[in-house]
Amino acid sequence: MKLQGNMEINEQGQLEIAGHNLVDIAEEYGSPLYILDEEEIRTNCRAYREAFEKFYPNSMTLYASKAFLSLAMARIIDQEGLGLDVVSGGELYTALKANVAADKIYFHGNNKTLEELDMALEAEINAFVVDNRYELDMLNQMAGKKDMIADILIRVTPGIEAHTHSYIQTGQTDSKFGLGIQNGLALEAIKEAKELENINLKGIHCHIGSQIFKLESFAKAVDVMLEFVEDVKEEAGVILEELNLGGGIGIPYTDAEEKPDIEEYAKIVAESITAKCEELDIPLPKVINEPGRSIIATAGSTLYTVGSIKEIPGIRKYVAVDGGMTDNIRPALYEAEYEAILVNKADQAEEELVTITGKCCESGDILIRDIQLPQAEAGDLLLISCTGAYGYSMSSNYNGITRPGVLLLSENSIDWAVKPQSYEDLIANDVVAERLK
Ligand SMILES: Cc1ncc(COP(=O)(O)O)c(C=O)c1O
Ligand SMILES: N[C@@H](CCCC[NH3+])C(=O)O
């Protein structure tokens, strides 16, 4: 397994993160456990900030909260000078509770409820990324009642099919998100927005998908989006000042994948915008980008304890751990691949081929199919790397399994970003049971 962030193998052949021995961490905090390497989060944030400052200063990077959000995470993001993209009342609530300034928050979602729109209006967030005509009308009415003007971007689908798993492609015309450029729906919405009294249209947004390795896909999106900006100017007389290009840079989950470079991404985006604006003779827009995965994925890993081991002669050896699809749904949902290491045998030769399974009652609960590891035994500690994005945030209580805690590690501190759930937490909301006693 490639060592990520501040991982190191110590003299006893055990894995450490930010100088903390994970064997000791498991003893003190138990397993399964999500671990976050704070310095790695900050490094990734800085990489975006510095790259855009260098190549396109009129820009803002928002962290896509859906990848992982907690109060501590929101504070780290804020301290590093990034804004936040939220997609629900819950994420907005967390961001506000963490004291993130409202004008650094953008609100996404294809079906924001009226309560959520109201909450965001009251908070005076920077902008709504309006996904459809219904939302546009509701927002206009609600802002009108409050005597407010809602700043918005309109989410459009540029008709680009990014090279990624179909479940996480979002830029194509046949998508539940946004309004199509090619079929004219986006332009119609813009013409309507222009006429609405309580709406201020600042710009447009697109997100072509997630886990994208080909940086040219973003350049393609820039071209389509700016051609649309030009059309909007001609056809509706509206100057769109803000261009939000979404998130999506991939990260290498396995050694076989190569890391797209954040600086290279910013450079490609900046160069394509500058060239296209010059060609179309339109003003340079303010650029927003919203990375999630590439900020938090490599900073996170999951620590498990090995339990049962079953060998089916001539077929497969299953090594089961004390978590599974409840803490990481991505292998089951997207056939996502991961790498792992035996923490307490980190310097030993990888001598057997095994399959890592979880403990859920599902045959599909396999975390890693076919991985070379040192000889595993019950009680060994297994760490799966790069689980920081969409691990905890997509976790569930299936099979009555409690959500593991998220431990934030830095050189000088260890503390819970989120405490582990208890069995009591599982039944805390079962109110009617009282009557059935
Ligand atoms: C609108 C939007 N912005 C940003 C992101 C973050 O994407 P990623 O985590 O791939 O950077 C997503 C998720 O795919 C998204 O849907
Ligand atoms: N949850 C997805 C990506 C995010 C999709 C959000 N638009 C994943 O784990 O890869």
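Residues numbered from 1 in each chain as written. Chains lettered and ligands numbered in written order. Predicted model: local features only at pLDDT ≥ 70, side-chain atom pairs only at ≥ 80, totals over all residues. Heavy atoms only, no water.

(A) Seen up close, the environment of glycine 237. Structurally, the position occupied by glycine 237 is in the loop between α8 (216–236) and β12 (242–244). Relative accessible area serves as the criterion here: at 57%, glycine 237 is assigned to the exposed category. When the C-alpha atoms of glycine 237 and glycine 144 are compared, they prove to be 24 Å apart, with 93 residues separating the residues in sequence. (Helix = DSSP H or I, 4+ residues; strand = E, 2+ residues; numbered from the N terminus. Buried < 20%, exposed > 50% of the residue type's maximum accessible area, 1.4 Å probe, protein only.)

(B) Highlighting the site of ligand 1. What surrounds ligand 1 is a group of 16 residues, the closest being His207, Ser210, Glu290, Arg293 and Tyr390. Lysine 66 is positioned with one of its side-chain polar atoms (N or O) 3.2 Å from an oxygen atom of ligand 1. At a separation of 2.6 Å, an oxygen atom of ligand 1 approaches a polar side-chain atom of tyrosine 390. In the complex, the protein chains occlude 93% of the 390 Å² of accessible area that ligand 1 would expose alone. Put simply, ligand 1 lies in the largest pocket. Among the residues making up the shell around ligand 1, the classes are represented as 3 nonpolar, 8 polar and 5 charged. (Near = heavy atom within 4 Å. Polar contact = N/O pair within 3.5 Å; in protein donor to acceptor, adjacent residues only side chain to side chain. Areas by Shrake-Rupley, 256 points an atom, 1.4 Å probe, with all protein chains shown as cover. 1 Å grid on protein atoms, 1.4 Å probe; cavity = no way out; pocket = protein on both sides within 12 Å on 5 of 7 lines; lining within 4 Å. Sits in = over half its atoms within 2 Å of the grid points. Nonpolar A, V, L, I, M, F, W, Y, C, P; charged D, E, K, R; others polar.)

(C) Summary view of the side chain of serine 65. Mapped onto the secondary structure, serine 65 falls in the loop between β5 (59–64) and α3 (71–79). A polar contact of 2.8 Å, which involves the side chain of serine 65, links it to the backbone oxygen of aspartate 85. For serine 65, the residues in contact, after removing those within four places along its chain, are Leu84, Asp85, Val86 and Glu91. (Contact = heavy atoms within 4.5 Å.)

(D) Focus on helix α5 (residues 114–123). Buried residues of α5: Glu116, Leu117, Ala120 and Leu121, and no others. The buried side chains of α5 occupy one side of the element, clustering within an arc of 135 degrees when seen end-on. Opposite the packed face of α5, turned more than 90 degrees from it, sit the exposed residues Glu115 and Glu122. Contacts made by the buried residues of α5 are with α4 (89–97), β7 (105–107), β8 (127–130), α6 (133–145) and β9 (150–157). Within two residues after α5, glutamate 124 carries a phi angle of roughly 60 degrees, on the positive side. (Arc of directions from axis to C-beta.)

(E) The pairing of β8, seen in detail. Burial of β8 is two-sided: the residues Ala127 and Val129 facing one way and the residues Phe128 and Val130 facing the other way are all buried. Two strands pair when backbone bridges link them, and β8 and β9 are joined in this way by 3 bridges, in the parallel orientation. Its bridge partner lying in β9, valine 129 is registered against leucine 153. Since β8 and β9 lie parallel, the crossover through α6 that links them has a hand, and here it is right-handed. (Pairing = 2+ DSSP bridges. Right-handed = clockwise from strand over helix to strand, strands pointing away.)

(F) Spotlight on the packing of aromatic side chains. What the rule picks out here adds up to 8 aromatic pairs. On the numbers, 6.3 Å between centres and 75 degrees between planes, the contact of tyrosine 48 with tyrosine 265 is edge-to-face. One end of the pair, tyrosine 48, is in helix α2 (residues 38–55); the other, tyrosine 265, is in helix α9 (residues 262–280), with 217 residues separating them in the sequence. Taken individually, tyrosine 48 and tyrosine 265 each receive the classification buried, so the pair is uniform in this respect. Arranged with centres 5.1 Å apart and planes meeting at 75 degrees, the rings of tyrosine 253 and tyrosine 338 form a pair that is edge-to-face. Of the two residues, tyrosine 253 is situated in the loop between β12 and α9 and tyrosine 338 in the loop between α11 (330–334) and β16 (340–342); the sequence distance between them amounts to 85 residues. For tyrosine 253, a relative accessible area of 5% corresponds to the buried category. Within the aromatic cluster, the residues linked to one another by ring pairs are Tyr48, Phe52, Phe218 and Tyr265. One cation-aromatic arrangement involves lysine 112 over phenylalanine 107; the distance from NZ or CZ to the ring centre is 5.8 Å. (Phe/Tyr/Trp six-rings, centres within 6.5 Å; stacked < 30°, edge-to-face > 60°. Lys NZ or Arg CZ within 6 Å of the ring centre and 35° of its normal.)

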